[in-house]
Amino acid sequence: MSNDIRIKKGLDIKLIGEAEKTVEQAIISNYCTVRPEDFHGVIPKLIAKEGTSVEAGGTLFYDKANENIKFSSPVSGKIVEVVRGPKRRIDALRIEADKSQSYKDYGKFNVDAAKAEEVKEHLLESGCWPFIKQRPYDVIANPEKSPKAIFISAYASAPLAADLDFTLQGKEAELQAAVNALGKLTEGKVHVSVGKNSNSPLAGLSGITLHKVSGPHPSGNVGTQINKIDPINKGEIVWTVNAQDLVIIGELLLTGKFNAERIVALVGSSVQKPRYFKTSIGSEVATMVYDKGVEKDGNDRIISGNVLSGKQVQADGSLDYYSNIISIIPEGDDYEFFGWTKPIFNKLSISRALTFSWLNPKKEYALNTNTNGEHRAFVTTGTYEEVFPLDIYPMQVLKACMYQDLDEMEALGMYELAPEDFALTEFVCVSKQPHQKIIRAGLDLMLKEIG
Amino acid sequence: MSLKKKLHDFKVKNKDKKWLPAFSAIHTFLFLPDEVTHGGTHIKAADDLKRTMNTVIMAMVPCLIFGMFNAGYQHHIALGEIQAATAGFFSPEFWSMDNFFVGFWKILPLVIISYGVGLGIEFIFAIIKGHEVEEGYLVTGMLVPLIVPVDIPLWMLAVAVVFGVVIGKEVFGGTGMNILNPALTIRAFLFFAYPTWMSGDKVWVHGAVERDQAIAAGENLDAISGETILGTLAQGKEVAYSAADMFLGFIPGSVGETSVLLIVLGGLFLIFSKIGSWRIMLSSVLGAVVMGLIFNQVASAGIISESSKFYGLMSAPFWEHLLIGGFAFGTVFMATDPVTASQTTKGKWIYGFLVGFISILIRVFNPAYPEGVMLAILLMNVFAPTIDHYVVQGNVKQRMKRLKAKTA
């Protein structure tokens, strides 16, 4: 059996502002922010109180629903503020970083000699567990259950995505250690997908099943790969880990240090010189975006993550727990005279309704955040299917989520889905429906009702 | 202060007013809104519903203009004032300003009534329900004048539009929620409420009804007969038009339905712009061809006699069915309505095929009214969700099978 995955349906959104392949050390961030909202569905119970000090890798809080899942501090320093929202919900923990970093020592870990339970214990204790997510529901993995397989996508196809071949080069030892550990946690396989013509550091790992992926976005989405390799049935669980997070897990196993360092791409048409930075989780975006980046008072949107599924952050915001990319694009809060009917050359479209992006498929665009139209009921059909490679009916699933029919959601394949799988359908949606939000709400409902 | 700024300030100042959707409808017509994304994707593709609807309207404009010329042309021919066109599509007898203005002054009021009444209702409902005015009626409003006889009294059209928009669409929740194609609902209402104005041999040519009334009043004039080809065939009479006339559209019929040439061009434009579903169009033609061939076989095998009242339509060659009546127009512009058609890819094939198949079936067997496209599409509109249901169930079953194979 060939392990190649070829995706035909999809859309590569080519944007201006791809990162140049140079890495700069970002200015060390004075403050580090950890936002519990990055961990969907987790209700944090604080261990570290305001005013106390933590080491890098020290536990900040744990999950109220499962006390074993602990969340570690990316830096060593003093917790200066616990930002709370309505009903005393914890919005963020702000940590003032020490000038010289000290790491909590979890000790070198011999993966080969360890049993599955010990590996699990070690990852939970050290705060590496949150990097492991599960499907169904796209939440942090439940450590009490065992997955049928683990999926890692080392191929990024999203617009302006950081090139994982580049950011992970030289990290083979860490990646191998992490993959070995993960391999102990499942009875099934560890599937790793790399780009077809790539030179991925993950391609040479042992103990994995390698897949070569080609085709347009969302071919790099792990959800697409799961669907093509070993789709999730009712009652089954798979785990997924971002390739760059394997490095953190691997380093912890090899050295005992929780090192939240990460190479991040600064991209987008608003950025003067798009390039890579070495920084760490939770760093202020201001440490990266202004030097040869954006104008200080420009009308731009800073996104932690990619332009399809990332989170908008303010200029004083910070890098979120999972992203390896900061995208900056112009805001589109302006009117356009007869914009709905005039021929369009500078925006992307999959139709040819006086939109001319089909003339030049290689062109790169500087898209802004304008919605290009107002929110409407679902009208057109067949558009989502053009960019949706899973063997699932996208519009029917969305509607089932909207009218909250659990049986139908289950029957139509919700267990396989995560919001990011609906990013492209949301992008092309003529009715400007919030697909990812609808799917997230649907998954949350299922998690609550079915579990 | 620019217009852009003025309108924006006006909108902000009145953002709590109930009538704001009415203003917004005009505002968003002039300017693409300044709305930005929040949550979800940060960028969006260029198309919105206005652009989609506008593309369909553009595809219909040639039919409308042709309809204006044809209305005058049929009128003048019936009066014996001009000769029939002989020089192909660009015959000067057809494309004369005389013809155009007769049609223009007859059809423009239809367009105005259709849009005026329909959009008026849309505005009222938008204000009552507090949502934006949706674009669905832009296409419906254009379809309506194209699928009625040219002499239809304006008040009838207005009543039908009110019925079609309120009962056919708004009670279901507006654009995107309706089960039946609103334009066809309007036509069906006209057809069942005022059948004498929707069928027969008097209504298809401008002036025929008037002339009839004058004759009845005792004036000594020749009656104008403007029967459609379907009407002629249904009566088993000889058709006076060539296939070229039918294809080019120099025949009597509803305003915009006659020119198959322009409808095909419009259809190709819709397929090219990826707005119309080529699957529905193609499968509908296939369905009609299959049904036509079956009838041809029945007729040539001598299963029915020449005296049968169905013989005329049954023996008409199958390809002729594609050229006459409203088949082409219905297939391209009405069966493809994404809201009321099947929504799944497989479903579209089935739905389209049955639209074509049943169109010809009803056309031949309906004794009262020799056209079946309207009824076939409405019927299939009702069945489209059922077709989709079974297509989706197929997908669900596959998933169940996968699970069983795993656990077995």
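Since the structure is predicted, the reported quantities are computational estimates derived from the model, not experimental observations.

Novice: Would you take a moment to explain the overall build of chain A for this structure?
Specialist: The helix and strand tally for chain A stands at eleven helices and 21 strands. Relative to the compact-globule value of 22 Å for 451 residues, chain A shows a C-alpha radius of gyration of 21 Å, a close match. When its C-alpha atoms are laid out on the principal axes, chain A stretches across 65 × 50 × 50 Å. The buried share of chain A, taken over its 451 residues, is 61%. Total accessible area computed for chain A in this model is approximately 17,700 Å², and 48% of it derives from carbon and sulfur atoms.

Novice: Before we go on, may I ask you to explain the overall build of chain B in this structure?
Specialist: In terms of regular secondary structure, chain B is built from 18 helices and one strand. Relative to a compact globule of 408 residues, whose C-alpha radius of gyration would be 22 Å, chain B shows 23 Å and is just as compact. Counting only residues that meet the buried cut, chain B has 55% of its 408 residues in that class. Here the contacts in chain B between residues at least 6 apart in sequence split such that 70% fall between residues at least 24 apart. With the model as given, the accessible surface of chain B reaches about 17,000 Å², and the carbon-plus-sulfur share is 68%.

Novice: Just to check I follow, could you spell out the pattern of salt bridges for this structure?
Specialist: Should their charged atoms come close, side chains of opposite charge can pair. This structure, assessed with the given rule, holds 35 salt bridges over all chains. For Lys196 of chain A, the salt bridge is made with Asp4 of chain A, and the minimal N-O distance between the two is 3.7 Å. Of this pair, Lys196 of chain A sits in the loop between strand 13 (190-195) and strand 14 (209-214) while Asp4 of chain A sits in strand 1 (residues 4-6), and the two are 192 residues apart along the sequence. On the accessibility criterion, Lys196 of chain A (37% relative accessible area) is partly exposed. A relative accessible area of 40% means that Asp4 of chain A is categorised as partly exposed. Overlapping salt bridges bring together Glu374 and Arg376 of chain A together with Lys50 and Glu135 of chain B as one network.

Novice: Please clarify how the interface of chain B and chain A should be interpreted in this entry.
Specialist: Size of an interface: often given as the accessible area lost when the parts come together. Counting from both sides, the interface comprises 57 residues of chain B and, opposite them, 77 residues of chain A. Taking both partners together, chain B and chain A bury about 6,300 Å²; carbon and sulfur atoms supply 56% of that area. If you look at where chain B meets chain A, you find seven salt bridges. For Asp334 of chain A, the salt bridge goes to Lys4 of chain B, with nearest N and O atoms at 3.1 Å. Scanning the region where chain B abuts chain A turns up 42 residue pairs in polar contact (both at pLDDT 80 or more). Among the elements of the structure, helix 1 (3-13), helix 2 (20-30), strand 1 (31-32), helix 3 (49-78) and helix 18 (373-407) of chain B are those that each provide at least two residues to the side of chain B that touches chain A. For the side of chain B that touches chain A, the class distribution of residues is 22 nonpolar, 18 polar and 17 charged.

Novice: I'm lost on the packing of helix 3 of chain B against helix 4 (residues 97-129) of chain B in this one. Help?
Specialist: For any two helices packed against each other, one specifies the inter-axial angle together with the distance between the axes. All names here are of chain B. Close contact between helix 3 and helix 4 brings their axes to 7 Å; oriented N to C, the two are set at 130°. Taken together, the axes of helix 3 and helix 4 lie oblique to each other. At the point where helix 3 passes helix 4, the crossing takes the right-handed sense. Contacts from Ile57, Leu64, Gly67, Met68, Phe69, Ala71, Gly72, Tyr73, His75 and His76 in helix 3 reach Met97, Asp98, Asn99, Phe100, Val102, Gly103, Phe104, Ile107, Val111 and Tyr115 in helix 4. Looking at the contact of helix 3 with helix 4, its residues break down into 13 nonpolar, six polar and one charged.

Novice: I would appreciate a short explanation of the sheet that holds strand 6 (residues 59-63) of chain A in the present structure.
Specialist: Picture the strands of a sheet paired through backbone hydrogen bonds; they go either parallel or antiparallel. Residues and elements named next belong to chain A. Spatially, 4-6-7 is the arrangement adopted by the three strands of the open sheet, whose pairing is antiparallel. Bordering the open sheet on either side are strand 4 (44-46) and strand 7 (70-72), each of which pairs with just one other strand. Each adjacent strand pair in this sheet contributes to an overall mean axis angle of 35°, direction not counted. When strand 4 meets strand 6, the two strands line up antiparallel, connected through three bridges. Across the sheet, residue Lys45 finds its bridge partner in strand 6, namely Tyr62.

Novice: Just checking my understanding: could you explain the UniProt feature "domain: NqrA N-terminal barrel-sandwich hybrid" (unreviewed entry) in chain A for this structure?
Specialist: Under the UniProt annotation, "domain: NqrA N-terminal barrel-sandwich hybrid" (unreviewed entry) lies at residues 5-98 of chain A. End C-alpha to end C-alpha, residues 5-98 of chain A measures 46 Å, and it is 0% helix and 44% strand.

Novice: I'm lost on the domain arrangement of chain A in this one. Help?
Specialist: All names here are of chain A. The domain boundaries assigned to chain A delineate domain 1 (4-13 + 107-255), domain 2 (20-27 + 260-330), domain 3 (31-97) and domain 4 (371-449). Centre-to-centre, using C-alpha coordinates, domain 1 lies 25 Å away from domain 4. With 21 residues of domain 1 at the interface, the matching set in domain 4 holds 22 residues. With both chains or domains summed, domain 1 and domain 4 bury close to 1,900 Å², and 59% of this area falls on carbon and sulfur atoms. Three residues, Lys9, Tyr137 and Asn227, lead the burial of domain 1 against domain 4; their summed loss comes to 31% of the area buried on that side. The interface formed by domain 1 and domain 4 includes four salt bridges. There are ten residue pairs in polar contact (both at pLDDT 80 or more) connecting domain 1 and domain 4. Top contributing element to the side of domain 1 that touches domain 4 by residue count: helix 4 (residues 222-229), with five residues. Tallied by class, residues from the side of domain 1 that touches domain 4 come to ten nonpolar, six polar and five charged.

Novice: I'm lost on the sheet that holds strand 3 (residues 31-34) of chain A in this one. Help?
Specialist: Residues and elements named next belong to chain A. Read across the open sheet, the four strands follow the order 3-9-8-5; overall the sheet is antiparallel. Lying at the two open borders of the sheet, with one neighbouring strand each, are strand 3 and strand 5 (53-54). Both strand 3 and strand 9 (residues 90-97) contribute to a ladder of four bridges, which runs antiparallel. Considered in strand 9, the bridge of Val34 is made with Leu93.

Novice: Help me out: how do you make sense of a nonpolar patch on the surface in this one?
Specialist: Residues and elements named next belong to chain B. Residues Ile167, Val171, Phe172, Met177, Ile179, Leu379, Val382 and Phe383 make up a contiguous nonpolar surface patch of roughly 690 Å² in combined accessible area. The dominant element in the nonpolar patch, judged by the number of residues it contributes, is helix 18, at three residues. Residue position: Ile167 is located in helix 6 (residues 154-168).

Novice: Could you clarify how one ought to interpret helix 8 (residues 394-402) of chain A in this entry?
Specialist: For an α-helix the count is 3.6 residues per turn, leaving residues at separations of three or four pointing the same way. Counting buried positions along helix 8 of chain A gives seven out of nine residues, so the element sits mostly inside the fold. Inspection of helix 8 of chain A places Pro394, Met395, Gln396, Val397, Leu398, Ala400 and Cys401 of chain A among the buried residues, and these make up the whole buried set. Those residues of helix 8 of chain A hidden inside the fold are in contact with helix 7 (383-386), helix 9 (406-412) and helix 11 (435-449) of chain A together with helix 18 of chain B. The first or second residue beyond helix 8 of chain A is Gln404 of chain A, which carries a positive phi of 55°.

Novice: Would you explain the environment of Asp12 of chain A in this entry?
Specialist: Residue and element names in this part refer to chain A. With respect to the secondary-structure elements, Asp12 resides in the loop between strand 1 and strand 2 (20-25). Look past the residues within four positions of Asp12 in its chain and what remains in contact with it is Ser157, Pro216 and His217. For Asp12, the side chain forms a polar contact with the main-chain nitrogen of His217, separated by 2.9 Å.

Novice: Would you take a moment to explain the UniProt feature "modified residue: FMN phosphoryl threonine" (unreviewed entry) in chain B for this structure?
Specialist: Residue and element names in this part refer to chain B. With numbering matched to this structure, UniProt assigns "modified residue: FMN phosphoryl threonine" (unreviewed entry) to Thr228. Structurally, the position occupied by Thr228 is in the loop between helix 9 (208-216) and helix 10 (229-234). Using a relative accessible area of 13% as the deciding quantity, one classes Thr228 as buried. Discounting residues that sit within four places of it in the chain, Thr228 has contacts with Trp204, Pro252 and Gly253.

Novice: Can you help me understand the pairing of strand 18 (residues 300-304) of chain A in this one?
Specialist: Taken residue by residue, a regular strand's side chains alternate between the two faces of the sheet. Residue and element names in this part refer to chain A. Burial within strand 18 is extensive, with four of its five residues counted as buried. With five bridges connecting them, strand 18 and strand 20 (residues 325-330) associate as antiparallel partners. Directly across from Arg301, in strand 20, lies its bridge partner Ile329. Two strands pair when backbone bridges link them, and strand 18 and strand 19 (residues 311-313) are joined in this way by three bridges, in the antiparallel orientation. Paired with Ser304 across the bridge in strand 19 is Lys311. Where strand 18 hands over to strand 19, the hairpin turn is made up of six residues, of which Gly305 adopts a positive phi near 120°.

Cut-offs used in this document
Residues numbered from 1 in each chain as written. Chains lettered and ligands numbered in written order. Predicted model: local features only at pLDDT ≥ 70, side-chain atom pairs only at ≥ 80, totals over all residues. Heavy atoms only, no water. Helix = DSSP H or I, 4+ residues; strand = E, 2+ residues; numbered from the N terminus. Rg over C-alpha atoms; globule rule 2.2 N^0.38 Å. Buried < 20%, exposed > 50% of the residue type's maximum accessible area, 1.4 Å probe, protein only. Areas by Shrake-Rupley, 256 points an atom, 1.4 Å probe, with all protein chains shown as cover. Contact = heavy atoms within 4.5 Å. Salt bridge = Lys/Arg side-chain N within 4 Å of Asp/Glu carboxyl O. Buried area = accessible area lost by both parts, 1.4 Å probe. Polar contact = N/O pair within 3.5 Å; in protein donor to acceptor, adjacent residues only side chain to side chain. Nonpolar A, V, L, I, M, F, W, Y, C, P; charged D, E, K, R; others polar. Axes fitted to C-alpha atoms, helices over the stretch in contact; angles between N-to-C directions. Parallel < 35°, antiparallel > 145°, perpendicular 65-115°, else oblique. Left-handed = near helix turned anticlockwise from the far one by under 90°. Pairing = 2+ DSSP bridges. UniProt positions renumbered as here; feature names shortened; annotations may be inferred. Domains from an automatic or database assignment. Patch = residues over 30% accessible without salt bridge, like charges linked within 9 Å, V, L, I, M, F, W, Y side chains within 5 Å.

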